[in-house]
Every structure is written in structure tokens, then in C-alpha cells.
Amino acid sequence: MRTKENESLIPHMEKLLTAWISDQSGRLHMPVTYATICAKALSPFEMLKQRKGGNVGETFSASSGWFDRYKKRAGWYNIKILGESASADTEAAKLFPAKLAEILEEGNYLPSQVFNADETGLFWKRMPPRSYIAKEESSMPGFKPAKERLTLFLGGNAAGDCKLKPMMVHRAGNPRARKGIVKSTLPVIWKANKKGWVTALLFEDWSSHYFVPEVKKYCEDKSIPFQVILLVDNAPGHPPSLQHHHPNVKILLLPPNTTSILQPIDQGVIATFKALYLRQTFEMLIKATDNETGPSLKDFWRKSFNILDAIKITANAWNKISETTMKGVWKKLCPQLFGTNVEGFEEPAEIVQQNTEAIVTLANRLDLDVSETEINDLLEAHKEELTNEDLLDMEEQEELEEVEDVTAPETPVHSFTFKGLEEAFQPMEKAINIFESQDSNFERSTKVARDLRNAYACNEEIYNEKKRMCWKQTTITACLQKAAVMSSVSKKPET
């Protein structure tokens, strides 16, 4: 059987265009209409044409006929589902708080029972563009900015005392740096798809297997009814069909294109998180390179800093967001939940500014000459639209990851060894002895020793269990050896 490859540029362009539309509506929550799609389609077509030498005879005008055929091929029979005009944003934002207030009053919802969650893009490994590391990276062959992008799904309640475990959506199901680690033990909910975005299936899975059981336990601990509201924006990943997914969870969709105006998590929590993430990244860089025997900054960033480090930093940055910050971002949408008591809330803008100043100081310690403006630009870069080059990089990376998934050997799960644990405990006990010998304050040195031992008590249990198993094995072996010796010297035949 003979096949002939379709050399037309239009199918390739449409594939890139579909990825761009999904990113606009799924990650950025930007309206996508007939006019914007037709305007965008011309750009990747011209780029592909130039890559083939520019003398390709094929032409493309993004006509209405092409658009209708493209909609059918892409499965979008009504383009309005991808976004609506932004002209109604302000009016819808004015009306929704009153509607929400009625729902909360009718159901007697407490601040503890009102939740909000939202996606955000994160470039987990990106430096300020003018730093020498960023310049060197961008000039390296095979450098793929799209590989640095993932999506986080963050949320919490209006009382501020229940922060949901972050969901991290990566493009690889099991990247090398994370292999050997059980997914359920990570401080994030690890999910994956080819685009690295929150889809309707992922949202449904998150709602059923994490949100419902976690919030149910929270309500039981607080001795309040498990009857909650979850506010999410009107994005393709949050289909209206899920509004009655669970009898105790009422899912409310915000009006289209009001995320930047109404969504609590988007009123400062996400910005605070990203500032804390970047600050802790720089702190990790200083810690890793602040000694003569350690790697250089360039080597550590290029070879050692990986997605597992990003997971750790994500968890630490999320934990550092205070209850008052989580609570204060609801003032605009639900002022009635707090009455007149709106004092003491932390302003996210001030927290972001403080962290930005700290990041500049840390960057200077690393000899990275960056300014506050560059840091602010870097924090805002997470909202950037995908370029044509990004779309091509994503396509190439998808093909590469598919090959890697097929050819990669199975990696065994990490496990403790008796010898490894023994080697780990020795310097810890030595450090405790040094603290005790040099500290004249007995109460303080005792507290330090107790806290340190409590910190690795769970590992010590594993060590003691392996020690008991080792002792039993040695005892049986010694017994058999003794029996063999006695048998050899005995005149009686062996039994």
C-alpha cells in the first residue's frame, strides 16, 4: 500500500492554531472569537511558509469558508463557547456579587463553607531575561522555553484557614527527576496531559477524588455541615454539567471574562504565590552555590535544578501564604461574610512588593544584575500569550516525550537501606552532641536535640525495623553455621 504525505501547510497551521486557542481559553481565560482566530491563523501560516523557504506557492486568506470548515474539523460547532465579548465584563461584575449574596444568605453558608479555585500558568524555570544565565540559555542549541511551562490549580476558602493542596499539571506523566517517587506522597496533586492544562476531565477528577474528601474532612474537624459552594470561572475546563456533580457541593460559575475583577484567588493570592516562588528559587540557588566546593550558579541551574525542586518550592511558597491574605481577597466579592470587621487583612500588593525587593537583593548576591522592573516583568510573564515559536516547540516536545515514554526503562521506587540510614543518622547525632557540648543553656540544647530527633523519628522507626530484621537474619545464619560445624565433627551420620 502506498501513501502520499499531505504537503499542504494548512493542516500543520491548524494544529498550531488549535493549541493556541486552547491556551487562550484554557490557561489565560481570554475571549476567542471569529475575528481573533482568523487574524491569528495568518501568523503561523506565514511562519511555516518562511521555514520552507518562502517560495511555496500555497496561499491562505483565512476566509469565512475556511473558518467554517476549520470549526467542523476542530469540533467547535458554536464558536461562542470559546469566549464572549469583553464589553459585558464590567456590567456582569457589578451584578454578580448581589446574586451571590442572595445564594449565601439563602443557604446560610459560613465563610468556612465558601471556596474558590483557579488555574495559573507557571514558568517553573525562568530567569530575568537580561541576566547572563537567561542570555546563555536562549542562545543554546535546542533550548525550548515551552518545557518550562506548567499549570497550577490553587484554591481555598473565605475563612482563609483551608488552603487546598495545589494541583500541578505537567506535560510529562513521569519526568526523569520525579521517577522513583510515589506520586501520592508528593506535596502537590500531580497530573499530566500533552498541553499541561486543566481540562474538564482533570477538573472532574480533582473534584471527586480530592476536593470532596478533603473538604468533607475539614468540615468534620470544624464541626460544621458538609454543605459547601465552590466558585470557579467560566472556562472550558469547568463545564456547566459538573454543577450538580455532588449533592453537598454547589459549583457556581463566575460570569464570563470577570476573573480579573471578581475571582478571589486572582485578586492577589496568585501574585503573592509567584513572588514567593521566585524568592525561594533564588534562596535555593544561594544555598546550593554559597560555598567553594559547590557547583557554580550556571551549572546548578542548567544541570541540577529540576521539576522536583519546583515541586518543593511550590509547596513551600503555598504554605507561606498567610490566612489573612487568603481571607482578605474575598472582601470585594463577598463583603457581607465579614460584616464591618475588615481590619488586619494583609494587602497582597504590599507583600508582592516586599518579596520583589528581597528578590533583587538575593539576585545581587548571585551577581545577577537585575532591577525591580525586570522582576515585575518576569512575574507578569506567566500570563504571556504563546508565540508561534512556543507552539512549534510544544509540538516537537510532544513527539519527543511520546518516544521517551515508549523507550524509557522502568525506574524502581526509591527504598531505604539499613546501611544508608545508618550513614544518615551518624552526622545527625554528631551535630546534636556538638550543640550540647557548646551550649551552656541546658534547656535550649535539650530542646534542639528533642526537636531534631522528633524530625527524623519516622525514619528512625524504619531503621529500627530493618535492624531487627538484620538481627534475626544474622541469628538464623549463625545457628545454621554452628549446626554445620557440629555435624562435621560428629561421628554420627548427618540427619
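Residues numbered from 1 in each chain as written. Predicted model: local features only at pLDDT ≥ 70, side-chain atom pairs only at ≥ 80, totals over all residues. Heavy atoms only, no water.

Here we look at the pairing of strand β5 (residues 228–232)
- Burial analysis of β5 places five of its five residues in the buried class, the great majority of the element.
- Going residue by residue along β5, you find V228, L230 and V232 tucked away on one face and I229 and L231 tucked away on the opposite face as well.
- Examined bridge by bridge, strand β1 (residues 114–123) and β5 share three bridges and lie parallel to one another. What sits directly across from F115, in β5, is L230.
- Alignment of β5 against strand β6 (residues 249–253), held across five bridges, turns out to be parallel. Bridging from a neighbouring strand, V232 pairs with L253 of β6. (Buried < 20%, exposed > 50% of the residue type's maximum accessible area, 1.4 Å probe, protein only. Helix = DSSP H or I, 4+ residues; strand = E, 2+ residues; numbered from the N terminus. Pairing = 2+ DSSP bridges.)

Brief notes about the sheet that holds β1
- Spatially, six strands are ordered β4-β3-β2-β1-β5-β6 in an open sheet, and the strand pairing comes out mixed. The two strands at the open ends of the sheet, each matched to only one other strand, are β4 (189–192) and β6. Sheet twist, expressed as the average angle between the axes of neighbouring strands with direction ignored, equals 25°.
- Here helix α8 (residues 269–289) sits on the sheet and contacts β1 and β2 (149–157); the angle it forms with β1, its principal contact strand, is near 45°. (Axes fitted to C-alpha atoms, helices over the stretch in contact; angles between N-to-C directions. Contact = heavy atoms within 4.5 Å.)

A word on the environment of F123
- The topology assignment puts F123 in strand β1.
- Judged by its relative accessible area of 4%, F123 is buried.

Observations regarding the pattern of salt bridges
- Per the counting criterion, the structure on display carries ten salt bridges.
- Note that D205 and K191 form a salt bridge whose closest N and O atoms lie 2.8 Å from each other. With D205 in helix α6 (residues 200–222) and K191 in strand β4, this pair connects stretches of sequence that are 14 residues apart.
- Judged by its relative accessible area of 24%, D205 is partly exposed. (Salt bridge = Lys/Arg side-chain N within 4 Å of Asp/Glu carboxyl O.)

Notes on the environment of R176
- With respect to the helices and strands, the residue R176 is situated in the loop between β3 (167–170) and β4.
- R176 gets classed as exposed once you look at its relative accessible area, which sits at 64%.

Digging into the nonpolar core
- By size, the foremost hydrophobic cluster in this structure holds 65 residues, and its most contacted members are L231, Y277, F282 and W330.
- In terms of residue count, α8 provides more of this core than any other element does, ten residues in total.
- In this structure L231 touches F96, L100, F115, N116, A117, L252, L254, Q263, W330 and L333, once residues within four positions along its chain are discounted.
- The next biggest cluster of nonpolar side chains, apart from the first, holds 27 residues, and it includes Y210, L230, V249 and I251. (Core = buried A, V, L, I, M, F, W, Y, C linked by side-chain atoms within 4.5 Å.)

Observations concerning the packing of helix α12 (residues 348–365) against helix α13 (residues 372–380)
- At a minimum axis distance of 9 Å, the contact between α12 and α13 shows a crossing angle of 120°. Viewed along their axes, α12 and α13 adopt a mutual orientation that is oblique. The handedness of the crossing between α12 and α13 is right-handed. Every residue of α13 that contacts α12 at V352, Q353, T356, E357, I359 and V360 is listed here: E372, I375, N376 and L379.
- Residue composition of the contact of α12 with α13, grouped by class: five nonpolar, three polar and two charged. (Parallel < 35°, antiparallel > 145°, perpendicular 65-115°, else oblique. Left-handed = near helix turned anticlockwise from the far one by under 90°. Nonpolar A, V, L, I, M, F, W, Y, C, P; charged D, E, K, R; others polar.)

As for helix α15 (residues 418–438)
- For α15, spanning 21 residues, the distance from its first C-alpha to its last is 31 Å, which sits close to the expected 30 Å at 1.5 Å a residue.
- The backbone nitrogen of G420 has a side-chain oxygen 3.0 Å away, supplied by the residue at the start of α15, namely T417. (Expected span 1.5 Å × (residues − 1). Polar contact = N/O pair within 3.5 Å; in protein donor to acceptor, adjacent residues only side chain to side chain.)

Observations regarding the confidence of the model for the protein chain
- For the protein chain, per-residue confidence averages 80 on the pLDDT scale, and 78% of positions sit at 70 or higher.
- When mean pLDDT is taken per element in the protein chain, helix α10 (residues 307–320) scores highest with 95 and helix α14 (residues 388–407) scores lowest with 60.
- Confidence over residues 78–88 falls short of pLDDT 50; this stretch has 18 contacts with residues more than four positions distant or in other chains. (pLDDT = per-residue confidence, 0-100.)

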